[in-house]
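Residue-level structural notes
In case you want the letters, here they are:
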Amino acid sequence: MSRSVKTTPIGIDLGTTYSCVAAWFDQHNRVEILPNEQGNNITPSCVACNGKELLVGEGAKNQITRNPTHTVFDVKRIMGSRFNDTSLQKDIESWPFKVIQGSSDKPLIVLEHMGANKEFSAEELSSMILKKLKEAAEAYLGTTVRDAVITVPAYFSDKQRQATKDAGTLAGLNVMRLISEPTAAAIAYGLDKISDPNHPQQKNVFVFDLGGGTFDVSLLTISRDGTISVKAVGGDTHLGGEDFDKAMVDYCVQEFKKKQKKDISKSARAMGRLKVACEKAKRDLSSTAETSIDIDCLCDGVDFSMKVTRAKFEDLNARFFTKCIEHVENCLRDGNMHKSNVDDIVLVGGSTRIPKVQQMLGEFFDWKPLCKSINADEAVAYGAAVLAANLSGNGNKAVKDLILLDVTPLSLGITTEGGYMSVIIPRNTPIPIMKEKKYHTSYDNQVSASVRVYQGECGETKDNIFLDEFTLHGVPPGPKGKEKMKVCFSIDANGILDVSAELVSTGNKRSIVIAGSGNVSKDDIEKMLKKVELC
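Note that this is a predicted model, so its numbers are computed, not measured.

A look at the nonpolar core
Among the nonpolar cores identified, the biggest contains 51 residues, and Phe206, Phe208, Leu274, Ile293, Val328, Leu361 and Phe365 are the most heavily contacted of them. Counting residues domain by domain, this core receives three or more from each of domain 2 (195-239 + 321-380) and domain 3 (241-315). Excluding anything up to four places from it in sequence, Phe208 contacts Phe215, Asp216, Val217, Cys324, Val328, Val346, Leu347, Val348, Thr352, Val357 and Leu361. In this structure, Val21, Ile129, Leu141 and Val152 belong to the second largest nonpolar core, which totals 50 residues.

Notes on the domain arrangement of the protein chain
Per the domain assignment, the segments of the protein chain are domain 1 (10-180), domain 2 (195-239 + 321-380), domain 3 (241-315) and domain 4 (410-513). The C-alpha-based centres of domain 3 and domain 4 are spaced at 50 Å.

Side note on the packing of aromatic side chains
Following the criterion strictly, the structure yields eleven aromatic pairs and no others. For the ring pair Trp95 and Phe97, a centre distance of 5.0 Å and an interplane angle of 20 degrees mean the geometry is stacked. In this pair, the class of Trp95 matches that of Phe97, namely buried. One cation-aromatic arrangement involves Lys275 over Phe73; the distance from NZ or CZ to the ring centre is 4.7 Å.

Let's talk about the sheet that holds strand E6 (residues 54-56)
Here three strands make up an open sheet; going across it, the order is E6-E5-E7 and the pairing antiparallel. In the strand order of this sheet, the two ends are held by E6 and strand E7 (71-72), each with one partner. Summarising the sheet, strand E5 (residues 47-49) and E7 pair through two bridges and their orientation is antiparallel. Bridge assignment links Ala48 to a residue of E7, and that residue is Thr71. Here helix H3 (residues 122-141) sits on the sheet in contact with E5, E6 and E7, set at roughly 65 degrees to E6.

What counts as what
Residues numbered from 1 in each chain as written. Predicted model: local features only at pLDDT ≥ 70, side-chain atom pairs only at ≥ 80, totals over all residues. Heavy atoms only, no water. Core = buried A, V, L, I, M, F, W, Y, C linked by side-chain atoms within 4.5 Å. Buried < 20%, exposed > 50% of the residue type's maximum accessible area, 1.4 Å probe, protein only. Domains from an automatic or database assignment. Contact = heavy atoms within 4.5 Å. Phe/Tyr/Trp six-rings, centres within 6.5 Å; stacked < 30°, edge-to-face > 60°. Lys NZ or Arg CZ within 6 Å of the ring centre and 35° of its normal. Pairing = 2+ DSSP bridges. Helix = DSSP H or I, 4+ residues; strand = E, 2+ residues; numbered from the N terminus. Axes fitted to C-alpha atoms, helices over the stretch in contact; angles between N-to-C directions.

What follows is the structure, given as structure tokens:
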């Protein structure tokens, strides 16, 4: 008879540029960040093929300048996207690796492996990063890891959340819960304070999470009884450090063109080297007013050398920084709170180290001190590990008492006559939630009803995110408006949607769980698992 071994659940921050894994240790009464095989607490979210083997993490990032066309980064920006999405098309223009259109408009990344081109979905590549983190956790803990809480940007759509969950399954993980990144950071920030007897009954906390590829803002209240309640969320899944790097890269390309009359934008190797140099310069400019970008033999034997000031960097990215503050204003408005009623402003994500970001945020909140007491790179994984312990019944009293009340980031509804959006669940509604609305037949002798599900804030569904559709057949023919249909939307704690429609007169019913990008079925997952194992 086999004896069941108690495994440690982990928390994973699956980031655009870097990822991190953590676990709660009962014996130490705290969360520990688990290092990778190089001893680093954060792992680059990179996958590469060097012709013979597949490299993930540090190994992939370290050879990016030598092998730019077969090194994939920013894969989080592809998760849950359609190939023809405008934002993805813009990204594809700047990426050195190849992205093609697969079936159902699903983007596929092409990598050369063992002498042949292989196509990978974003879920498959993300699963390789998750598997790497899982292996690092197993090496550190000395035990098999199965259960995990994985974080997603608060502003991720249903498709992006489902794609993340699929990636976890492919990595051999049981995804206990998906949690919004700023909510995880709030747990990391609030855990000690919840157990503090001097903590006020309730605190209003604003989390400003600016990472490598995504930006989230979240307004929460943290109560002394252990309840963390999200009031409003906002953000942009396409705004972060990668965009700041790109602005600098574009500027350098123009300067090189001016001085040398050469366009390096079509050289993947030159652009890869320039990207690495610009990322380093960006980091330097957080602690110094001026730095230089120096690259030997950038193109056709020509060296590149240029001084960059912090002021120039701020000027290049001014529109992004302004956008950040606009999202702060919108989130407070949605949460119906004046900025003077915010008790703490918590900074999360590596890009919050940029002095201009801190200055603009400080100015907006009338110079209320910004909280930098939690590690900007590790806080999200820390909070995820606390929730993983809570869901497993592990942890101390503060961990066990934790209650999370999250919200849905975008409105959900169906298309009605004329292509208009009929909202069933408005954005910032607390989840889990179930809501229903009644609709009637729109023309005489209608025998079926199509239910097309959308997510977004625009009045017309063509401007929103299409999620899925199904048809309810067997509508008894009759005059327009006679037959009624009840449409029910149900969102679980992961923020994943279940839709059902029922004919009131006959009880005839159909339902679907909105699947991920490209509708990943269990069969698809089996096929993907086999493919990932081959690599």
